[in-house]
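Next come the chains, spelled out residue by residue.
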Amino acid sequence: MLRATVAVLARRTQQMEGAVAAGAAQATAMEVDGSMLEGGGQILRVSIALSAVLQKSLHIHSIRANRSKTGLRPQHLAGVQLVSQMCQGRLVGGKVGSSEITHTPSSCTGVEFSADPGTAGSIALLLQASVPVACFAKGPVTLALRGGTNAEMAPQMDYITRVFSPIASRMGVDLDINVVKRGYFPKGGGEVVARVNPLEDTLSPIVLEDRGEIAKITGRSFVAGPVPHRVATETAAAAERVLRKALGDDIPIDIDVVVETKQDAPLGAGSGIILECTTTTGCILGGTALGKRGVPAKKVGEDAATELLVGIAGGGCVDEYLMDQLVIFMGLAKGRSRVLTGPLSLHSETAIALVGTHSGADFTVTPKEGGGCVVECEGVGFSRKAA
């Protein structure tokens, strides 16, 4: 009788422990509506990165519901599979066209991983999803990525190396990028090798409140394949004319004109320009544009310069594209970050909502005169030792 009672109590204890564990897992699970706010691929990238870093299971539905082609496209699938691979996760629903996935992560290892969407999909967007995860891995991570290095509707790789990486390094992100081959729409074929050394412990907060004065503007105007050299020259000249008209003749402007070799860009043709404005306090703002069939080189240069000037006029220390990329790092950092930016983009609003909800970070957005704002965040201080 005593043995029977003990056995019953043991079974009940096991059931209670199982229920508590299940409840804890459910409490920490991430349930994400992919149609919220921006309603595109950014929700997927931020969510899967948080899932891997914080070791939270993820269920996301209505993926890319606000796009003309909804669901997972090859590029998005490659990013999700890459992150899941990095954290030895279990992915359900990972196929092109899927509007719903479930992801259960495990520990993030430090070895070499690869991703190739088989298209000209943006390599920069693969990095957006994977770099936060690599920062908290158990050892150095090498990412061998293929696709488009300069793609529409995404940051150019030059933006990542010349704008994002220098600023993110101030938070402790140790990212080394080698653009092995350039890849352009529609053939792709670009190759990038990124190496990330993990954090010692936590990310540092970032404070960017004083933009200072414009110190210089630099840039890179490029052509590849059969696109003639004069296109890069005309693009650079047009950008400089617009900048000089707006900013005067006292600010140094230096735009390199580059003709990619067959070895550097073996497939297809491409052209474009990246501009960066560096200030006396070390802030960096960017402006980019890509060439298209039928669009004059002059127009491409003017578009990039205009984008840069819009960022400058916004009064912030970062442009709108850098702001949304910094949000996840601010949320995970230890301490209070403060970033002065221009008008908040929908992408930034979306990132703040996701990171705040699922990491526990406390974000506040304070409007400033002229349309800009200060984004503050008390980060959760997530430690690599806890990953």
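Whatever comes next refers back to the structure up there.
Residues numbered from 1 in each chain as written. Predicted model: local features only at pLDDT ≥ 70, side-chain atom pairs only at ≥ 80, totals over all residues. Heavy atoms only, no water.

**What to know about the overall build of the protein**
(1) Moving on: Within the protein, the secondary structure is distributed over nine helices and 16 strands.
(2) Moving on: Computed over C-alpha atoms, the radius of gyration of the protein comes to 23 Å, within 12% of the 21 Å expected from 2.2 N^0.38 for 387 residues, which places it in the range of a compact globule.
(3) Moving on: Reported as C-alpha extents along the three principal axes, the dimensions of the protein are approximately 95 × 45 × 40 Å.
(4) Moving on: Expressed as a percentage of contacts within the protein between residues at least 6 apart in sequence, the contacts between residues at least 24 apart total 74%.
(5) Moving on: Within the structure as shown, the protein displays about 16800 Å² of accessible surface, and the carbon and sulfur contribution to it stands at 52%.
(6) Moving on: Charged side chains in the protein number 37 positive and 37 negative. The centres of these two groups are separated by 8 Å. (Helix = DSSP H or I, 4+ residues; strand = E, 2+ residues; numbered from the N terminus. Rg over C-alpha atoms; globule rule 2.2 N^0.38 Å. Contact = heavy atoms within 4.5 Å. Areas by Shrake-Rupley, 256 points an atom, 1.4 Å probe, with all protein chains shown as cover. Lys, Arg positive; Asp, Glu negative; His and termini not counted. Charge placed at Lys NZ, Arg CZ, Asp CG, Glu CD.)

**Side note on the sheet that holds strand β5 (residues 112–115)**
(1) Moving on: Strand order in the open sheet formed by four strands is β5-β6-β8-β7, with mixed pairing between adjacent strands. Looking at which strands have only one partner, the edges of the open sheet turn out to be β5 and β7 (174–181). Mean inter-strand twist for the sheet, computed between neighbouring axes without regard to direction, equals 15°.
(2) Moving on: Where β7 and strand β8 (residues 190–197) come together, seven bridges link them in antiparallel fashion. For Asp174, the partnering residue across the bridge sits in β8 and is Asn197.
(3) Moving on: Sheet contacts for helix α4 (residues 123–135): β5, β6 (141–147), β7 and β8; angle to β6, the most-contacted strand, approximately 165°. (Pairing = 2+ DSSP bridges. Axes fitted to C-alpha atoms, helices over the stretch in contact; angles between N-to-C directions.)

**Re the pairing of strand β11 (residues 253–259)**
(1) Moving on: Where strand β10 (residues 214–224) meets β11, seven bridges bridge the pair, whose relative direction is parallel. In the sheet register, Gly219 faces β11, and the bridge partner there is Ile255.

**Topic: the packing of helix α8 (residues 320–332) against helix α9 (residues 346–359)**
(1) Moving on: Remark: α8 packs on α9, axes separated minimally by 9 Å, with the N-to-C direction vectors making an angle of 5°. Between α8 and α9, the angle falls in the class roughly parallel. Of the residues in α9, those in contact with Glu320, Met323, Asp324, Val327, Ile328 and Gly331 of α8 are His347, Ser348, Ala351, Ile352, Val355 and Ser359.
(2) Moving on: For the contact of α8 with α9, the class distribution of residues is six nonpolar, four polar and two charged. (Parallel < 35°, antiparallel > 145°, perpendicular 65-115°, else oblique. Nonpolar A, V, L, I, M, F, W, Y, C, P; charged D, E, K, R; others polar.)

**Thoughts on the packing of aromatic side chains**
(1) Moving on: For the structure shown, the criterion picks out three aromatic pairs.
(2) Moving on: Arranged with centres 5.3 Å apart and planes meeting at 70°, the rings of Phe136 and Phe382 form a pair that is edge-to-face. With Phe136 in the loop between α4 and β6 and Phe382 in the segment after β16 (373–378), this residue pair connects regions lying 246 residues apart in the sequence. Residues Phe136 and Phe382 agree in their burial class; the two are buried.
(3) Moving on: With 5.9 Å between their ring centres and 20° between their planes, Tyr184 and Phe222 make a pair best called stacked. Of this pair, Tyr184 sits in the loop between β7 and β8 while Phe222 sits in strand β10, and the two are 38 residues apart along the sequence. (Phe/Tyr/Trp six-rings, centres within 6.5 Å; stacked < 30°, edge-to-face > 60°. Buried < 20%, exposed > 50% of the residue type's maximum accessible area, 1.4 Å probe, protein only.)

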